[in-house]
Amino acid sequence: MSQYILRRLMIAIPSLLGISVVLFVVLALAPGDPFSELATNPNVPPEVQAALRTKFGLDDPIYLRYLHWLVAMAQGDWGFSFVSRINVDTLILQRLPTTLYVVGSSQLLALLIAIPVGVYAATRPYSLFDQLANTFAFIGFSLPTFFTGILFILVFSVKLDWLPFVYTDVPGSGIKWALEMIQQAIMPVMVLGLFQAASMTRFVRSAMLDVIRLDYVTTARAKGLGQAKVIVKHVMRNAMIPVVTLIALQMPAVFGGAIVTEQIFRIPGIGSLLISSILANDTPVVMAVTFVFACLVVLFNLIADVLYGWLDPRISFR
């Protein structure tokens, strides 16, 4: 197992290097300058502007700037935010807990809905429950998150006045603080979670139907095993293999979906940081965040490969 993980990590290094080259070149060639606002400020002398550009290497060739960035990144230096005036890693770590809280809760909600609903619908295909589950699933993944987010705000915040529509940094601690944090996270978590649950439900149902018709399932029933034991022990375990693939591929996309959701509910997370950095031409922050998303793709694919072996012992790590 450890050798397999090590080999996968070694293979991932060239992929991440290639991704970083593409990202860096695209951002370097994009219009705009991180010091454009500084250049129009009459209070900053031209020699100070030139010194700052020299310090951060903005006038160097692209390949030199990339090499400097790569060496600094390898040493744990993610750069300096020209807008926030702090180190990029510090800025990301300030926003990361909020994003993980919202995204993690929404993914957990999606799994808690999709797996039981998909499994139950597959055991009773074309029943009333199956038709209702399919209908709501189609509606769920057909509606974009920005639409459902605004709809939730209109219903639960404007009309009913149950939930706050702006996510704020609530000071304090204790039970009251925890309840306020949960209350303001309900809508963004529901928006992301229901969107993910809709597509997962269809996928779980399809995977279960593919496995439930196999001969070994019929043999297990013929031996006298109960329906619940057949479904849980013999069907679900094999049916979860393609579901794990879907979840691994969707997790980075969930962070992308969180970008839209964070903008709607004003959540101070990674998504809103990326949008504001793009608008301000803060290229070190944009580069760091997009590179983190690329690392997430590699990481979750590795986790999926490891889970394959746990779900199906026939898969060997060689």
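Residues numbered from 1 in each chain as written. Predicted model: local features only at pLDDT ≥ 70, side-chain atom pairs only at ≥ 80, totals over all residues. Heavy atoms only, no water.

The next point concerns a nonpolar patch on the surface. Together, Phe-146, Phe-147, Ile-150, Leu-151, Leu-154, Val-155, Val-158, Leu-160, Trp-162 and Val-260 make up an exposed nonpolar region whose accessible area comes to about 910 Å². Top element by residues in the nonpolar patch is helix α7 (residues 145–159). It accounts for seven residues. Relative to the helices and strands, Phe-146 resides in helix α7. Judged by relative accessible area, Phe-146 falls into the partly exposed class, the value being 47%. (Patch = residues over 30% accessible without salt bridge, like charges linked within 9 Å, V, L, I, M, F, W, Y side chains within 5 Å. Areas by Shrake-Rupley, 256 points an atom, 1.4 Å probe, with all protein chains shown as cover. Salt bridge = Lys/Arg side-chain N within 4 Å of Asp/Glu carboxyl O. Helix = DSSP H or I, 4+ residues; strand = E, 2+ residues; numbered from the N terminus. Buried < 20%, exposed > 50% of the residue type's maximum accessible area, 1.4 Å probe, protein only.)

Side chains of nonpolar character tend, in soluble globular proteins, to be buried together. Of all hydrophobic cores here, the largest spans 59 residues; its most connected members are Ile-92, Met-208, Ile-231, Val-235, Phe-265, Val-289 and Phe-293. Elements with a contribution of two residues or more to this core: α5 (88–123), α7, α8 (175–212), α9 (215–222), α10 (227–265), α11 (270–279) and α12 (283–311). Per-element accounting of this core gives the leading share, 17 residues, to α10. Those residues in contact with Phe-265, other than ones at most four positions away along the chain, are Gly-149, Ile-153, Phe-165, Val-166, Tyr-167, Met-187, Pro-188 and Val-191. Ranked by size, the runner-up nonpolar core spans eight residues in total, among them Trp-69, Met-73, Met-287 and Ala-294. (Core = buried A, V, L, I, M, F, W, Y, C linked by side-chain atoms within 4.5 Å. Contact = heavy atoms within 4.5 Å.)

So, on to the side chain of Thr-98. Relative to the helices and strands, Thr-98 is located in helix α5. Here Thr-98 falls in the buried class, since its relative accessible area comes to 16%. Sequence-distant contacts of Thr-98, defined by excluding residues within four places in its chain, comprise Tyr-167, Ile-267 and Pro-268.

This brings us to the environment of Gln-196. In this fold, Gln-196 is placed in helix α8. On the accessibility criterion, Gln-196 (6% relative accessible area) is buried. Placed 88 residues apart in sequence, Gln-196 and Leu-108 show a C-alpha to C-alpha distance of 10.0 Å.

Given two aromatic rings, their pairing is described by the distance between the two centres and the angle made by the two planes. Under the criterion given, the structure shown has eight aromatic pairs. Summarising the aromatic geometry, the rings of Phe-24 and Tyr-66 are spaced 5.6 Å apart at their centres and angled 70° between planes, so their arrangement reads as edge-to-face. With Phe-24 in helix α1 (residues 2–29) and Tyr-66 in helix α4 (residues 62–74), the pair connects residues that are 42 residues apart, well separated along the chain. We note that Phe-24, like Tyr-66, is buried. Seen from their ring centres, Phe-156 and Trp-162 are 6.2 Å apart, and the 40° between their planes marks the pair as tilted. (Phe/Tyr/Trp six-rings, centres within 6.5 Å; stacked < 30°, edge-to-face > 60°.)

Any functional reading would require information that these geometric values do not contain.
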